[in-house]
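Chains, contacts and geometry: an overview
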Amino acid sequence: MNDNNTKKSGLPRHICIIMDGNGRWASKRFMPRQLGHKAGMDRVIDIVEYSSNLGIEYLSLYAFSTENWKRPAEEVNALMELLVVYIRNQLNSLKKNNVKIHIMGDKSALPNIARREIERSIKETENNTGMVLNLGINYGGRDEIIKACKELYRQVQNENMDIEKIDENMFSNYLYTANQPDPDLLIRPGSEQRLSNFMIYQTAYTELYFTDVLWPDFGKTELDEAIDEYRKRKRRFGGL
Ligand code: FPP
């Protein structure tokens, strides 16, 4: 679906999701947390496919934050393994659906195998023209802003650039989401109502949607509900 179609249907062009509640979902079932993450990965598969079919142009998922390294090694390893499993099992289907993979976050700190699979998935989907899937992996919003400042500072120095030329448009091109529209809708399942350092620059005017449903229970119906609620919102971007 192109820009005009999404405008007509009131569909958000860019949705971002903080996938929360995997651990609680597992605890409720007396299961280890890792199984909650596995169930969370199954929802990633469903929601990516459904969003792409709906005509969402950009889907950004918070899979692993810069703060998640503080979790026990066993859980960190399980999350990295799931990422590898996801790419290995889903790459063909993502290609078939014309999805383009983009990573937000510092890949250099990831285990070699995860980095290799990520690079492969980026390369094999680079010419796809359908939905862009932004995976936040070792991602932090503050980290992203500082990285952008450093790159911009280097450019200012190297090109002896006039700092008055820096504006919001230019700055946003140093973020992981360069050339992408800001998210229209942020969804956070799992009862918490905060941004947790996710896309904090890009979400300045994003509509926020919180639900008590835990991420492993968040399916197509729940996404439809969030989009319906978004359609009812009046977006003014600071105007009247
Ligand atoms: C937060 O739930 C979720 C995460 C830290 C990881 C999200 C990962 C996935 C959904 C699976 C893998 C993703 C991909 C893209 C393959 P939590 O563990 O903090 O839940 P809790 O608050 O109930 O403990």
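1. Describing the site of the ligand
- In the vicinity of the ligand there are 16 residues, among which Met 19, Gly 23, Arg 24, Arg 33 and Arg 71 approach most closely.
- With respect to the ligand, the backbone of Gly 21 contributes an N or O atom lying 3.3 Å from an oxygen atom.
- At 2.8 Å from an oxygen atom of the ligand is found a side-chain nitrogen or oxygen belonging to Arg 71.
- In isolation the ligand has 620 Å² of accessible area, and contact with the protein removes 91% of it.
- Structurally, the ligand is housed in the largest pocket.
- Secondary structure elements with two or more residues in the shell around the ligand: helix 2 (22-28), helix 3 (33-54) and helix 4 (73-96).
- The element that contributes the greatest number of residues to the shell around the ligand is helix 3, accounting for 4 residues.

2. Quick word on the pairing of strand 5 (residues 185-188)
- Both faces of strand 5 are covered, namely the face carrying Leu 185 and Ile 187 and the face carrying Leu 186 and Arg 188.
- Note that strand 1 (residues 14-18) and strand 5 share 3 bridges and pair parallel. From the neighbouring strand, Ile 17 faces strand 5, where its bridge partner is Ile 187.
- Inspection of the sheet shows strand 5 paired to strand 6 (residues 207-210) by 4 bridges, in the parallel sense. Counterpart to Arg 188 in the pairing with strand 6 is Phe 210.

3. A word on the sheet that holds strand 1
- Spatially, 3-4-2-1-5-6 is the arrangement adopted by the 6 strands of the open sheet, whose pairing is parallel. If you trace the sheet from one side to the other, it starts and ends with strand 3 (100-104) and strand 6, each paired once. Each strand of the sheet is rotated relative to its neighbour by a mean of 20°, with strand direction disregarded.
- As defined by bridge partners, strand 2 (residues 58-65) adjoins strand 4 (residues 132-139) across 7 bridges and the pair is classed as parallel. Note that in strand 4 the partner of Tyr 62 across the bridge is Gly 136.

4. Concerning the packing of helix 3 against helix 4
- In contact at an axis separation of 10 Å, helix 3 and helix 4 are set at 25° when each is read in the N-to-C sense. The angle between helix 3 and helix 4 places the two elements in the roughly parallel class. The handedness of the crossing between helix 3 and helix 4 comes out as right-handed. Along the contact surface, helix 3 presents Arg 33, Gln 34, His 37, Lys 38, Met 41, Val 44, Ile 45 and Val 48, while helix 4 presents Glu 74, Glu 75, Ala 78, Leu 79, Leu 82, Val 85, Tyr 86, Gln 90 and Leu 94.
- Class assignment for the residues of the contact of helix 3 with helix 4 results in 10 nonpolar, 3 polar and 4 charged.

5. Description of the environment of Tyr 209
- Structurally, Tyr 209 is set in strand 6.
- Residue contacts for Tyr 209: discarding those within four places in its chain leaves Leu 185, Leu 186, Ile 187, Arg 188, Glu 225, Ala 226, Glu 229 and Arg 233.

6. Here we look at the packing of aromatic side chains
- In the structure shown here, the tally under the stated rule is 8 aromatic pairs.
- Feature note: the residues Tyr 62, Tyr 139, Tyr 176 and Phe 198 constitute an aromatic cluster, connected by ring pairs.
- Over the face of the ring belonging to Tyr 176 we find Lys 147, whose NZ or CZ atom lies 4.6 Å from the ring centre.

7. Re the layout of surface pockets
- As a volume, the largest pocket reaches approximately 750 Å³.
- What lines the largest pocket is a set of 33 residues, and nearest its centre among them are Met 19, Asn 22, Tyr 62, Ala 63 and Asn 68.
- Contributing elements (two or more residues each) for the lining of the largest pocket: helix 2, helix 3, strand 2, helix 4 and strand 4.
- In terms of residue class, the lining of the largest pocket is built from 16 nonpolar, 9 polar and 8 charged.
- Counted by class, the lining of the second largest pocket contains 5 nonpolar, 4 polar and 4 charged residues.

8. Regarding the environment of Trp 69
- Within the element layout of this structure, Trp 69 appears in the loop between strand 2 and helix 4.
- Among the residues examined, Trp 69 registers a relative accessible area of 34% and is labelled partly exposed.
- Separated by 68 residues in sequence, Trp 69 and Ile 137 have C-alpha atoms that sit 11 Å apart.
- Not counting chain neighbours up to four residues away, the residues in contact with Trp 69 comprise Phe 64, Val 76, Met 80, Ala 109, Leu 110 and Asn 138.
- Within the structure, Trp 69 has its side chain in polar contact with the side chain of Asn 138 (distance 2.8 Å).

Rules of the game
Residues numbered from 1 in each chain as written. Predicted model: local features only at pLDDT ≥ 70, side-chain atom pairs only at ≥ 80, totals over all residues. Heavy atoms only, no water. Near = heavy atom within 4 Å. Polar contact = N/O pair within 3.5 Å; in protein donor to acceptor, adjacent residues only side chain to side chain. Areas by Shrake-Rupley, 256 points an atom, 1.4 Å probe, with all protein chains shown as cover. 1 Å grid on protein atoms, 1.4 Å probe; cavity = no way out; pocket = protein on both sides within 12 Å on 5 of 7 lines; lining within 4 Å. Sits in = over half its atoms within 2 Å of the grid points. Helix = DSSP H or I, 4+ residues; strand = E, 2+ residues; numbered from the N terminus. Buried < 20%, exposed > 50% of the residue type's maximum accessible area, 1.4 Å probe, protein only. Pairing = 2+ DSSP bridges. Axes fitted to C-alpha atoms, helices over the stretch in contact; angles between N-to-C directions. Parallel < 35°, antiparallel > 145°, perpendicular 65-115°, else oblique. Left-handed = near helix turned anticlockwise from the far one by under 90°. Contact = heavy atoms within 4.5 Å. Nonpolar A, V, L, I, M, F, W, Y, C, P; charged D, E, K, R; others polar. Phe/Tyr/Trp six-rings, centres within 6.5 Å; stacked < 30°, edge-to-face > 60°. Lys NZ or Arg CZ within 6 Å of the ring centre and 35° of its normal. Points joined across faces, edges and corners; volume = space filled by probe spheres on them.

Keep in mind these numbers describe shape, not what the thing actually does.
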